[in-house]
Each structure stands twice: as C-alpha cells, then as structure tokens.
Amino acid sequence: MALFPIISTTRGRAGVAALLAALVLPVAPAAALPAAAPQPSAAPQPADRPHPVCEPHAELRQALRTFTVRDRITGAVVLVNHANTTAPCGSWTEHAGTADRSSGRPMTATDRLRAGSVTKTFTATVVLQLAAEHRLALDAPVDRYLPGVIRRNGYDGRHITVRQLLRHTSGLPDYLDAPEWEHPERLRYRHFEPRELAARALDLPRPSGAWHYATTNYLLAGMIIREVTGHAPEAEITRRVIRPIGLRDTYWPGDDTRIRGPHSRSYFTAEDGRLTDGTAWNTTFGGVGGALVSSPADLSRFISALFDGRLLPAAQLAEMRRTVAADPDRLWPGARYGLGLISSPLRCGGRWWGHAGTVPGGHRALTAVGPGGRTVAVALNEVPATLQAEEDFLDVVQTAFCTDPPSRATPSIEGKRQ
C-alpha cells in the first residue's frame, strides 16, 4: 500500500479522492472522542479597533458542524475574504471543534499550522520568477541544471523538463511511496536531505499514467533553485515571497519539531488505534514540497498576492494556470493541475485556484481564490479518515465559495492578540 498518495484507503478506486495534493496520509478512523460544538467568530481585525460582529453564517456553520460532529474531526476553521465589496462582513471566519483537546481552546484563523503541500505553490512561484528573469527555462531539461542527478533505473533528466516537474507530468515516482513510509510515525524525528529522498525515488517503479503527483518533483525544483541562484531554496522563497508580502506567521521549521508561536495542536491515529498528538514532527522529509509552517490568514494573503500580480508578471501567472487533467483517483473528478496550482470546478459556476496540503501529524491546509477574487483558507488539525469525511470537507470548501457574506450584527471591540 502506498502512503501519502492523495488517495483515501476507504474509497476504493472510484468517487472522490482523499484531499489533497499534498503529503497525504491514509489513516484509520479516529478513536471515539467527543468533538466540541462549532462556534462562529468574526474575521480577524486590527487590535483595539471597533469592528462589526457578523451574524453566524448558517450554511457554512452547518457544513462545519457536520464535519466536526458527524465525522468527528477535532477542529476546523475557515477564513473567507470577499474581494471588491464594501460590505462590513465581506471578510469573516467560522470555526468548529477545538484547537487543543486538552484545553478546549477554539480554532482561529491566526493560529499557525503545518501547511503541507501548499508549500509547492510557494516553490513554483519562485521558479516562475526565475523564468521571468531569464535565469532558467521552463522547457529546458532538468539535466541542464542538475547534470546526472536523474540518470538511473530508466529515468533520464535529459528527457524531463522543469515544466514537467512543476506539473507532475515528469513520470517520476514519489519517494513517499517507498515501503519505509508505510508507517511514517516511525520516522517522525529523523532528518532528511533532498538529494537522499530524490535518489530513493529513482529506486521505485515507474508510475502509470501521464499525471502522477510526486513530491519528488518539487524537491528537484528546489535543487534547481539552489543551482541557479547559489542560495538555499528556503532562503530564496523567504526573500522573494514571504518577506515582501508580510507573511509574519510563515516560516521554515528546519529540524525544529515544534511549531513556534500560537498554533493548533494536530492529531493522528497511531498504529495502536489511539488518537495521538502529532504536533511535534521533523518535516525535513517534505522540504520545499511540504515543510512550511503558516496560518490561514497568511495563506489567504499569499494567494491574493499571487493572483493580483504582486508576485509574478502576467505572462508567468498565465503559465502557472495552464493545466492538465489530474488523476481523479489522486485528486477528485474535475480537478486539473497547473504549475503548482490545483484548479477545481465550483457548483455555483467557475473554478477555484489554489493548493492544499496534509502532513502525517494531522494538519491540513487549503488556500484558494475563486470568481470575483474571493479567497478561502481552511485549516484542520486532524485528517479526514473516511470517504464521507472527505466529501464533507469538499462541501465546506464549496460552501465557503458559493454563499453570500453574512449580515452585520452589533459592533464590538477585540483586545490585542497575545
């Protein structure tokens, strides 16, 4: 059985796949622990400034209630920003469940979490910036930048392009499909190097199909960034993306197994069937394909900056949005993949564009932009373990994009964030 493959072990080979294009861990259903009832909250506002309190958004609140009560997901929060509106409740959050089972503290949109494969969109953005600067070519062979690195077991970097890496059409396997990753918690505190992981991937059989999601592709993209710039890809992503748009909660943890600052705990089902705290984890295994720590608020700022042209010229953003059909068994029907971007149809018309990610300790993040510039960011601290739960997660995302903003209630004052 392959792990982290974007496919639920509960779904067979048809229907909706387990979210998302990420480092996805198939897990057993969680132990029967009570989930807290959802509690709506107003969107984050500047400290000490009066702001409107928005009435609970009934449809989104109910979608979250279903997700945390029926599916027994520990906690979830959704941040919605409705662009191009002067409505007082054009930005709002809804949350359900708890960020910490010990304290019962609610989820918030400013809590940090492990963003998983949302990291891939950051990495793709820097590769496209370098393409815009004519420092690399998307259709050049990988071997031009990493000579001899892919040259084994029938794999040949002379016939794989940079574009194919970013789009997951390289034909390379995912190192996370190797047998040792069947029990990722056994590797929880181990340090990994990108070259080590990429080399391990080349030992694996060639995957079938034209599109195959593999974090291997993004570790190689990071290695190309290093070769082209002379700097670590994490440093380049920080310099070119994280700092310029002011993402104060987004950082590379390196070998630090903790999450710094305010954050939600995360939970996973261990081999003995117990629901276990998975917050502490060495995520060097994800590298620039999945290691970032961020927050829903920061991820919303990032996807907005990407699509309003602050990070890429129009030509490169257009390249990013050129998609191919994704394997519905590894994403879901109708999903397409560009250069570090997922595109998915909305029931209310149009499509959302963004990415999502899941890490084995239990965190899942999603950030996306839809028609009219509305952005949605979602954070979970436990991975859905059933087909029904995955469908309910998709429904939360659809509901966040397809419903009107809530109405205004009474003014309130929020204290400073501690």
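Residues numbered from 1 in each chain as written. Predicted model: local features only at pLDDT ≥ 70, side-chain atom pairs only at ≥ 80, totals over all residues. Heavy atoms only, no water.

## A short note on the pairing of strand 16 (residues 375–380)
Successive residues of a regular strand alternate their side chains across the two faces of the sheet.
Moving on, step 1. Here strand 16 lies mainly inside the structure; 6 of its 6 residues are buried.
Moving on, step 2. The two faces of strand 16 match: Thr375, Ala377 and Ala379 on one face and Val376, Val378 and Leu380 on the other face are all buried.
Moving on, step 3. As paired elements, strand 3 (residues 75–81) and strand 16 share 6 bridges and run antiparallel to each other. Across the sheet, Asn81 pairs through a bridge with Thr375, a residue of strand 16.
Moving on, step 4. Inspection of the sheet shows strand 15 (residues 364–369) paired to strand 16 by 6 bridges, in the antiparallel sense. In the strand pairing of strand 16, Ala368 is matched with Val376.
Moving on, step 5. Connecting the antiparallel pair strand 15 and strand 16 is a turn made up of 5 residues, with Gly372 showing a positive phi of about 75°. (Buried < 20%, exposed > 50% of the residue type's maximum accessible area, 1.4 Å probe, protein only. Helix = DSSP H or I, 4+ residues; strand = E, 2+ residues; numbered from the N terminus. Pairing = 2+ DSSP bridges.)

## Considering the nonpolar core
Moving on, step 1. Counting 96 residues, the largest nonpolar core has Phe122 and Leu306 as the members making the most contacts within it.
Moving on, step 2. If you look at the next biggest cluster of nonpolar residues, it comprises 14 residues, including Leu187, Leu197, Ala201 and Leu219. (Core = buried A, V, L, I, M, F, W, Y, C linked by side-chain atoms within 4.5 Å.)

## Digging into the packing of helix 2 (residues 119–132) against helix 6 (residues 215–229)
Moving on, step 1. Running from N to C, helix 2 and helix 6 cross one another at 40°; their axes reach a closest spacing of 10 Å. Between helix 2 and helix 6, the interaxial angle falls into the category oblique. Both helix 2 and helix 6 take part in a crossing whose hand is left-handed. Counted together, Lys120, Thr123, Ala124, Val126, Val127 and Leu130 of helix 2 and Thr215, Tyr218, Ala221, Ile225, Val228 and Thr229 of helix 6 form the full contact between these two elements.
Moving on, step 2. Its residues assigned to classes, the contact of helix 2 with helix 6 shows 8 nonpolar, 3 polar and 1 charged. (Axes fitted to C-alpha atoms, helices over the stretch in contact; angles between N-to-C directions. Parallel < 35°, antiparallel > 145°, perpendicular 65-115°, else oblique. Left-handed = near helix turned anticlockwise from the far one by under 90°. Contact = heavy atoms within 4.5 Å. Nonpolar A, V, L, I, M, F, W, Y, C, P; charged D, E, K, R; others polar.)

## Here we look at helix 5 (residues 194–201)
Moving on, step 1. Among all positions in helix 5, only Leu197, Ala198 and Ala201 are buried. Axial view of helix 5: buried residues confined to an arc of 100°, hence all on one face.
Moving on, step 2. For helix 5, the elements touching its buried residues are helix 6. (Arc of directions from axis to C-beta.)

## Describing the environment of Thr238
Moving on, step 1. The residue Thr238 is located in helix 7 (residues 233–242) in this model.
Moving on, step 2. A relative accessible area of 17% places Thr238 in the buried class.
Moving on, step 3. Along the sequence, Thr238 and Thr250 sit 12 residues apart, while their C-alpha atoms lie 8.9 Å from each other.
Moving on, step 4. Excluding residues that lie within four positions of it along the chain, Thr238 makes contacts with Arg243, Pro244 and Trp252.
Moving on, step 5. One polar contact links Thr238 to Trp252, side chain to side chain, over a distance of 3.2 Å. (Polar contact = N/O pair within 3.5 Å; in protein donor to acceptor, adjacent residues only side chain to side chain.)

## Considerations on the confidence of the model for the protein
Regions with low pLDDT should not have their predicted coordinates read in detail.
Moving on, step 1. The predicted model of the protein averages 86 in pLDDT, with 82% of residues at 70 or higher.
Moving on, step 2. Confidence drops under a pLDDT of 50 for residues 410–418, and excluding neighbours within four residues, the segment shows 20 contacts in the predicted structure. (pLDDT = per-residue confidence, 0-100.)

## Points about the packing of aromatic side chains
The way to describe two aromatic rings as a pair is by their centre distance and the angle between their planes.
Moving on, step 1. One pass over the structure, following the stated rule, counts 9 aromatic pairs.
Moving on, step 2. With centroids separated by 6.3 Å and ring planes inclined at 50°, the aromatic side chains of Trp211 and Tyr213 adopt a geometry described as tilted.
Moving on, step 3. With relative accessibility at 6%, the residue Trp211 sits in the buried group.
Moving on, step 4. Aromatic pair Tyr213 and Tyr337: ring centres 6.4 Å apart, planes at 80°, arrangement edge-to-face. Placement of the pair is Tyr213 in the loop between helix 5 and helix 6 and Tyr337 in strand 12 (residues 336–337), with a sequence separation of 124 residues. Each member of the pair, Tyr213 as well as Tyr337, carries the same accessibility label: buried.
Moving on, step 5. Taken together, Trp181, Phe192 and Phe285 form an aromatic cluster joined through their ring pairs.
Moving on, step 6. Over the aromatic face of Trp353 sits the side chain of Arg321, whose NZ or CZ is 4.5 Å from the ring centroid.
Moving on, step 7. The lysine or arginine in question, Arg364, covers the ring of Phe393, its NZ or CZ lying 5.0 Å from the ring centre. (Phe/Tyr/Trp six-rings, centres within 6.5 Å; stacked < 30°, edge-to-face > 60°. Lys NZ or Arg CZ within 6 Å of the ring centre and 35° of its normal.)

## Remarks on the pattern of salt bridges
Moving on, step 1. On inspection of all chains with the given rule, the structure shows 28 salt bridges.
Moving on, step 2. With a shortest N-O distance of 2.8 Å, Glu180 and Arg200 are connected by a salt bridge. Separated by 20 residues along the polypeptide, Glu180 in the loop between helix 4 (162–167) and helix 5 and Arg200 in helix 5 bring together distant segments of the chain.
Moving on, step 3. We note a salt bridge from Arg347 to Asp395, for which the minimum N-O separation is 2.8 Å. Here Arg347 is found in the loop between strand 13 (342–345) and strand 14 (351–358), whereas its partner Asp395 is found in helix 10 (residues 387–402), with 48 residues between them in sequence.
Moving on, step 4. Classification of Asp395 by relative accessible area gives partly exposed; the value is 31%.
Moving on, step 5. Residues joined in a network through salt bridges with shared partners are Glu133, Arg135, Glu236, Arg239 and Arg240. (Salt bridge = Lys/Arg side-chain N within 4 Å of Asp/Glu carboxyl O.)

## Concerning the packing of helix 1 (residues 58–70) against helix 10
Moving on, step 1. For the pair helix 1 and helix 10, interaxial distance at closest approach is 9 Å and the crossing angle is 165°. The angle between the axes of helix 1 and helix 10 places the two elements in the roughly antiparallel class. Taken as a pair, helix 1 and helix 10 cross one another with a handedness that is left-handed. Judged by residue contacts, Glu59, Leu60, Ala63, Leu64, Thr66, Phe67 and Arg70 of helix 1 engage Gln388, Ala389, Asp392, Phe393, Asp395, Val396, Thr399 and Ala400 from helix 10.
Moving on, step 2. Across the contact of helix 1 with helix 10, the residue classes break down as 8 nonpolar, 3 polar and 4 charged.

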